[in-house]
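Single-letter residue listing:
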Amino acid sequence: MVALADYASDERTARVMLSMMIEPADRTVGRLLRREGAVETLRLLDVGGSMLGVRAEEASILHHTAQEFASRGGLGDDLAGVLDGSYAPLIPGDAHWPVSVDALGDRAPYVLWAKGATSFLANGQEDRVTVTGSRASTSYGDHVAGELAHDASHAEQIVVSGGAYGIDDAAHRAALSSGGQTIAVMPAGLDRLYPAGHRDMLEQVGDVGLLMSEMPPGAAPTRHRFIARGRLLAALSSATVIVEAGARSGSLHVAREAHALGRSVGAVPGPVTSAASTGTHLLLSEGTAALVTGHHDLATLTSDRRRQAPTRTTGLSAARDLDAVDQNRPGRSL
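These numbers were taken from a predicted model, which means no experiment stands behind them.

## Observations regarding the packing of aromatic side chains
Next, step 1: Within the structure shown, the criterion is met by one aromatic pair.
Next, step 2: Aromatic side chains Tyr 194 and Phe 226 sit 5.4 Å apart centroid to centroid with 70° between the ring planes, which places their arrangement in the edge-to-face category. In this pair, Tyr 194 is assigned in the loop between β5 (181–185) and α9 (199–208) and Phe 226 in helix α10 (residues 223–236), connecting sequence segments 32 residues apart.
Next, step 3: Judged by its relative accessible area of 26%, Phe 226 falls in the partly exposed class.

So, in structure tokens, the structure goes:
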């Protein structure tokens, strides 16, 4: 049987291998990574048996996943393929690693794949603002998202979003047309840009801004990976603004992740008759988000870092508080 550790004698390669075999946001693997480092974590998963702080059932599942990964043919070729230089695999300690995602604790990404201006990630979280919302946006929502992204760009802030249809699209395009900086966080490998209908726009982001994913090249988008991406959208920025959202929109998850991390959260109100604004009104009524009606409210959110940051949601405490919004247990294999 192939020993996984034989392919990974250094931290970067071991983290890359973990990203190829373990679904993102796995708390058990994240805890092992933080305690043991990537090379030893890979060895522990490969060997199996008891692992300190890991339930026997969980250890068995992880060992089985590692065995399946090791037994498939062409592992060396697969590894060489994802490390062919097309995309930069960033790990903690790299100059351009975004330290703001470390607040996710055991759910921090194993590696971040990037194409474009990785220097955008070296900036402090106060230089980034996440603008996201419904894929089924209205013309009102598109207009407001565009105005907010335009204003953020002129304030020399980096606009972060998910590249999706609707609000994400409006935010990215406004940042690009304003000559601003933008980051698109993908739910799949960077060679599988999603949605396909946005390929031209996303390739432009990769050329003048930054494309980023925690999934390795070749990975397809799945429901869990969409949900997991929400924590990255929240953790990357000092503030998150939800422009439009239905009652069950995934962008509400992004807002609650940001709130649990102690980051500023804003929501744009809409007509009370609009289903597209039901979610933003919910965020406002429950106190998760502050009212955003334009540039001045956005400036307040991004300049007043501490207004929504109680001490309990910093560092490891923030990671524990995220249990409340992490309702979906991650799967295992790629």
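Picking up after the structure, the text goes on.
## Brief notes about unusual backbone geometry
Next, step 1: The omega torsion of the bond from Tyr 194 to Pro 195 falls at 0°, within 30 degrees of zero and hence cis.
Next, step 2: Structurally, Pro 195 can be placed in the loop between β5 and α9.
Next, step 3: One non-glycine residue, Ala 25, lies in positive phi territory at about 65°.
Next, step 4: One can find Ala 25 in the loop between α1 (11–21) and α2 (27–36).
Next, step 5: Non-glycine residue Glu 156 carries a positive phi angle of around 60°.

## Looking at the nonpolar core
Next, step 1: Core analysis: the biggest nonpolar cluster contains 40 residues, and Leu 4, Met 17, Leu 18, Met 21, Ile 22, Leu 42 and Leu 45 have the highest contact counts within it.
Next, step 2: Going through the elements one at a time, α1, α2, α3 (38–47), α4 (56–71), α5 (75–82) and α9 are the ones with two or more residues in this core.
Next, step 3: The element contributing the most residues to this core is α1, with six residues.
Next, step 4: Counting 32 residues, the second-largest nonpolar core is a separate cluster that includes Ala 114, Val 160, Ala 245 and Leu 252.

## Quick word on helix α11 (residues 250–260)
Next, step 1: Burial of α11 is extensive: eight of the 11 residues sit out of reach of the surface.
Next, step 2: Looking only at α11, the buried set comprises Ser 251, Leu 252, His 253, Val 254, Ala 255, Glu 257, Ala 258 and Ala 260.
Next, step 3: In the stretch just after α11, Gly 262 is the one whose phi turns positive, near 80°.

Conventions used here
- Residues numbered from 1 in each chain as written.
- Predicted model: local features only at pLDDT ≥ 70, side-chain atom pairs only at ≥ 80, totals over all residues.
- Heavy atoms only, no water.
- Phe/Tyr/Trp six-rings, centres within 6.5 Å; stacked < 30°, edge-to-face > 60°.
- Helix = DSSP H or I, 4+ residues; strand = E, 2+ residues; numbered from the N terminus.
- Buried < 20%, exposed > 50% of the residue type's maximum accessible area, 1.4 Å probe, protein only.
- Core = buried A, V, L, I, M, F, W, Y, C linked by side-chain atoms within 4.5 Å.

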